[in-house]
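The lines below spell out each chain.
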Amino acid sequence: MRSRYVLAVAGIAVAALTGLATPASAASTSATPATSATPASTVIGIEFVDANYQGATYTVTGGTCTSTLTDVDWYINSMPSGWNDVISSFHSYANCWTKLYENINRTGSTYGFVGDSPYVGDAMNDRASSIEWS
């Protein structure tokens, strides 16, 4: 029994290291800064697979956002493996507001800018392919 547990843990570690992890596991990344600033390790958003902040999470780090919604401080042009078209709710942090886009490169239908959203609505549920933070 112990050897199966060790093999299962080793398999999960290999999957995480090779980018094969799915939304069933937690993930994190740094957002791209909209300016030449270097990404920081401040959490700016946590995306959830299910409504009401449930299910697997995707944590995004960057830096503190400005106080205006007329600019873009951080963005992700294409969701990482396993996270395209699965977001149903999110929290925003570090003075940031979140905007979801239906397509890559921040195009198509949008939802936001919103601080926190327990449900992104039927029109955007499981459709986000890129994100901005302002």
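Residues numbered from 1 in each chain as written. Predicted model: local features only at pLDDT ≥ 70, side-chain atom pairs only at ≥ 80, totals over all residues. Heavy atoms only, no water.

K.L.:
Residue-level account of the confidence of the model for the protein chain, with values.
P.N.:
Scored by pLDDT, the protein chain comes out at a mean of 81, with 75% of its residues at no less than 70. Low confidence marks residues 1-25, where pLDDT is under 50. Its contacts with residues over four positions away, or in another chain, come to 14 contacts. (pLDDT = per-residue confidence, 0-100. Contact = heavy atoms within 4.5 Å.)

K.L.:
Lay out the nonpolar core with the relevant residues and their values.
P.N.:
Of all hydrophobic cores here, the largest spans 21 residues; its most connected members are W83, L100 and W133. Going through the elements one at a time, β3 (42-50), β4 (54-62), β5 (74-76) and β10 (130-133) are the ones with two or more residues in this core. Ranked by the residues each element gives to this core, the list is headed by β4, at three residues. (Core = buried A, V, L, I, M, F, W, Y, C linked by side-chain atoms within 4.5 Å. Buried < 20%, exposed > 50% of the residue type's maximum accessible area, 1.4 Å probe, protein only. Helix = DSSP H or I, 4+ residues; strand = E, 2+ residues; numbered from the N terminus.)

K.L.:
Break down the side chain of S134 for me, citing the residues and quoting the values.
P.N.:
Relative to the elements of secondary structure, S134 occurs in the segment after β10. With relative accessibility at 0%, the residue S134 sits in the buried group. A polar atom in the side chain of S134 sits 2.9 Å from the backbone oxygen of T68. Ignoring anything within four residues of it in the chain, the contact list for S134 reads C65, T66, T68, L69, T70, D71, V72, D73, N95, C96, W97 and F113. (Polar contact = N/O pair within 3.5 Å; in protein donor to acceptor, adjacent residues only side chain to side chain.)

K.L.:
Describe the pattern of salt bridges, and please don't skip the residues or the numbers.
P.N.:
Inspection of every chain in the model, using the stated rule, returns two salt bridges. When the shortest N-O distance is used, the salt bridge between E102 and R127 registers 3.5 Å. Of the two residues, E102 sits in strand β7 (residues 98-103) while R127 sits in the loop between β9 (116-117) and β10, which places them 25 residues apart along the sequence. Exposure remark for E102: the relative accessible area of 23% places this residue in the partly exposed category. Given a relative accessible area of 38%, R127 falls into the partly exposed group. (Salt bridge = Lys/Arg side-chain N within 4 Å of Asp/Glu carboxyl O.)

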